[in-house]
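Breakdown of the fold
Next come the chains, spelled out residue by residue.
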Amino acid sequence: MNDDQDWTAPSARLLAMRRTQLAVVAVPSAVTAGLLGAILGSTWLGAELALAIAAVAVIWERILHRRVKAWAYAERDDDLLVRQGIMVRRLSVVPYGRMQFVDITAGPFERMFGLATVRMHTAAAASDARIPGLAANEASRLRDALARLGEARAAGL
């Protein structure tokens, strides 16, 4: 999909953040399953449940890795391209003149890793786009650049 563009990928810290989020869910779940199996009287059942959860976590980590690598954006003269998806690839084209506002969000995990998500809003909700996992300073730079370009294009300059 438009590989001749100069694509910019999210920060490598996005994958580290996603892995941390996975570990925060998977490790306590595996420990709880193991203890639950032991309490019910079967250490083997507990071990099997814990291993099953660990196996699902490993598979999900591989999916996370591919999903993070699929995100990218490209700034062009008149619009912004955002691509995402591993099985179903999506390429969003957001014209600067159609942007109503651009905002930055950062949840607790994102702040812990120094990341933010830039979200572009247009009049048509279906054309809204977001770019996750940007370094906080890059997110601010992109927001300011998009706002400046959006104002210039909307004014007809």
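For the structure given in this document, a descriptive report is provided here.

It is worth spelling out the sheet that holds strand β3 (residues 90-95) at this point. Strand order in the open sheet formed by three strands is β1-β2-β3, and the pairing between neighbours is antiparallel. The two strands at the open ends of the sheet, each matched to only one other strand, are β1 (72-75) and β3. On average, each strand axis in the sheet is tilted by 15° relative to the strand beside it, whichever way the strands run. Two elements, strand β2 (residues 79-84) and β3, share six bridges in a ladder whose sense is antiparallel. Counted as the bridge partner of D79 is P95 from β3.

This part covers the sheet that holds strand β4 (residues 99-105). The strands that make up a sheet pair up through hydrogen bonds in the backbone, lying either parallel or antiparallel. Reading across the sheet, the three strands line up as β4-β5-β6 and stay open at both edges, with antiparallel pairing between neighbours. Both edges of this open sheet fall to β4 and β6 (129-135), since each of them pairs with a single strand only. If you compare each strand with its neighbour and ignore which way they point, the axes differ by 20° on average. Judged from the five bridges that link them, strand β5 (residues 115-122) and β6 form a sheet pairing that is antiparallel. For V118, the partnering residue across the bridge sits in β6 and is I131. Packing against the sheet, helix α1 (residues 13-39) makes contact with β5 and β6, and its axis sits at approximately 95° to β6.

About the cut-offs
- All residue numbers here refer to positions counted from 1 along the written sequence of the relevant chain.
- With pLDDT at 70 or above as the cut-off, local features in this predicted model cover only qualifying residues; side-chain atom pairs require 80 or more to be listed or tallied, and sums for whole chains, interfaces and linings still use all residues.
- Hydrogens are left out, water is left out, and the side-chain values use all remaining heavy atoms of the structure.
- A pair of strands counts as paired when DSSP detects no fewer than two bridges linking them.
- In DSSP terms, a helix is any run of H or I states spanning at least four residues, a strand is any run of E spanning at least two, and both are numbered starting from the N terminus.
- Every axis corresponds to a line fitted to the C-alpha atoms, with the helix fit spanning only the stretch in contact, and the corresponding angles, defined between N-to-C directions, vary from 0 to 180 degrees.
- Contacts are residue-level and defined by heavy atoms, with any inter-residue pair within 4.5 Å sufficient.

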